[in-house]
Amino acid sequence: MPEHYSPVQMIEKLIGFDTTSAKSNLELIDFAENYLQAYGLTTRRTASDDGKKANLFATLGPEREGGVVLSGHTDVVPVDGQPWDSDPFEVVEKDSRLYGRGTSDMKSFLAVAMALVPEFSGRSLSRPIHLALSYDEEVGCLGVGRLIEDLRANLPLPAMVVIGEPTSMRLVNAHKGCQVQRTTVTGLDAHSSQSHRGASAIMAAGRLVGFLADFAEEKKREQDDARFEPPHTTFNVGLIEGGTALNIIPKRCSFTWEYRALPDDDPADIRARFDAYASDRVLPKLRQSAPEADIVTEQLARVPPLKPEGDSPAEDLVRRLTGANECAAVAFGTEGGLFQEAGMSTVVCGPGSIDQAHQPNEFIDLSQVEECRGFLLRLADWAAGEAAG
């Protein structure tokens, strides 16, 4: 007989795999695939270019169009430098909470779904339930795109997707998009006493960073979408590096930055304004001393926003299963926008609080685990045709 896990036991199992984004997730995927196949699910993998990471897509019930995808990412953010009170990759239960990296963001959703597979597989489902486990969500939703491409090319298209990111089991139908860029400035090195012979890449990069800071303030003044906290498009410069020594005018500087745009804000316009400032205001000054100077910006990741749908089957279903009367919006991004762009009605609803995500001593309340379990059992009733309305 296949091994059986309770929801808490499955959470413990998945947290035990260190799937920090910089590492492989294959041990977790191997476990999940073997476990799901043992209960008769059909599975498909899609791998990263180097083969060190993979997505997993599995189906319960009939292999036909329609049904719902339960989607979540397998990777977690690093724990380096965080003051944890226990091993982040070993679940500790205390005061009706489960502590561990990924308990809230977002292995618990996947774990509860997987723990219920034995019960699901014993039902006669008239609508399919799919599980989608992806890689590299935390670094820009890089993996799920391949899963979606494979799904659209080779499998019957599901009708709906529920992203199990932590919303405290609230129904969410909108989130901001995210664009990640890296800008590299190339100047000309020289002795620091001869500034007229050099072109400082760091000084130029500083002007560009200042432009982003001013841009952020502009958005803050002009936008006020009460659905989101904060209620405007935001910017962040997260990494910067450059220079060789204090007495050398730096030839090179690069910085990685992002903007999280409101769903109705135009991300292309934001990038175009940055590029125009770089080429019209900053680059000419560099080239006065260094004709070969350059500023190059490359997009590293794109996470489209999730937008409210006028007629949303996914929203209607989750309302029915949760009893929710209202929809919320969140500032963080998910793979939801990618599924939505691929033609599948999508919402976000999962256990745990985003306030715990990425934090030391991350936890999920056991009451949230139980609420998620009840939600998924009602989903199985719907998939079996019971209470389908």
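This is a predicted model, so every value here is computed, not measured.

What counts and what doesn't
- Residues numbered from 1 in each chain as written.
- Predicted model: local features only at pLDDT ≥ 70, side-chain atom pairs only at ≥ 80, totals over all residues.
- Heavy atoms only, no water.
- Helix = DSSP H or I, 4+ residues; strand = E, 2+ residues; numbered from the N terminus.
- Contact = heavy atoms within 4.5 Å.
- Polar contact = N/O pair within 3.5 Å; in protein donor to acceptor, adjacent residues only side chain to side chain.
- Salt bridge = Lys/Arg side-chain N within 4 Å of Asp/Glu carboxyl O.
- Buried < 20%, exposed > 50% of the residue type's maximum accessible area, 1.4 Å probe, protein only.
- Pairing = 2+ DSSP bridges.
- Axes fitted to C-alpha atoms, helices over the stretch in contact; angles between N-to-C directions.
- Phe/Tyr/Trp six-rings, centres within 6.5 Å; stacked < 30°, edge-to-face > 60°.
- Lys NZ or Arg CZ within 6 Å of the ring centre and 35° of its normal.

**Student:** I tried to follow the environment of S104 on my own but got confused; where do I start?
**Tutor:** Structurally, S104 can be placed in helix α3 (residues 103–115). Setting aside chain neighbours within four positions, we find S104 in contact with P166, P351, G352, S353, Q356, E362, F363 and I364. One polar contact links the side chain of S104 to the main-chain carbonyl oxygen of S353, over a distance of 2.8 Å.

**Student:** In this structure, what is going on with the pattern of salt bridges? I would like to understand it.
**Tutor:** A side chain with one charge can pair with a side chain of the opposite charge if their charged atoms come near. Using the criterion set out here, one finds 19 salt bridges in the structure. Measuring nitrogen to oxygen at the nearest pair gives 2.5 Å for the salt bridge that ties K53 to D136. Within this pair, whereas K53 is found in the loop between β1 (42–47) and β2 (54–60), its partner D136 is found in the loop between β6 (129–134) and α5 (144–154), the two being separated by 83 residues in sequence. D136 carries the same exposure label as K53, and that label is buried. Linked by salt bridges that have partners in common, D30, E33 and R45 make up one network.

**Student:** Looking at this structure, I do not really get the sheet that holds strand β11 (residues 234–242). What am I missing?
**Tutor:** Remark on secondary structure: sheet strands pair via backbone hydrogen bonds, oriented parallel or antiparallel. One open sheet accounts for four strands, arranged β11-β13-β9-β14; its pairing is antiparallel. Each edge of the sheet is formed by a strand with only one pairing partner; in this case those strands are β11 and β14 (294–303). The average angle at which neighbouring strand axes cross in this sheet is 15°, direction not considered. Against the sheet, helix α6 (residues 201–222) touches β9 (177–186), β11, β13 (252–261) and β14, its axis set at about 10° to β13. Its contacts with the sheet place helix α7 (residues 267–289) against β9, β11, β13 and β14, and it is angled at close to 165° to β14.

**Student:** Can you help me understand the packing of aromatic side chains in this one?
**Tutor:** In this description, an aromatic ring pair is defined by two values, namely the gap between the centres and the angle between the planes. Enumeration according to the criterion identifies 13 aromatic pairs in this entry. Relative to F31, the ring of F17 lies with its centre 5.9 Å away and its plane at 35°, an arrangement referred to as tilted. On the criterion of sequence distance, the pair formed by F17 in the loop between α1 (7–15) and α2 (26–38) and F31 in helix α2 is long-range, its members being 14 residues apart. What makes F17 buried here is its relative accessible area of 13%. Judged by its relative accessible area of 13%, F31 is buried. By the ring-pair criterion, three or more aromatic residues cluster together here, those being F211, F215, F235, W257, Y259, F274 and Y277. In this arrangement the basic side chain of R97 is found over the ring face of F363, its NZ or CZ atom lying 4.0 Å from the centre.

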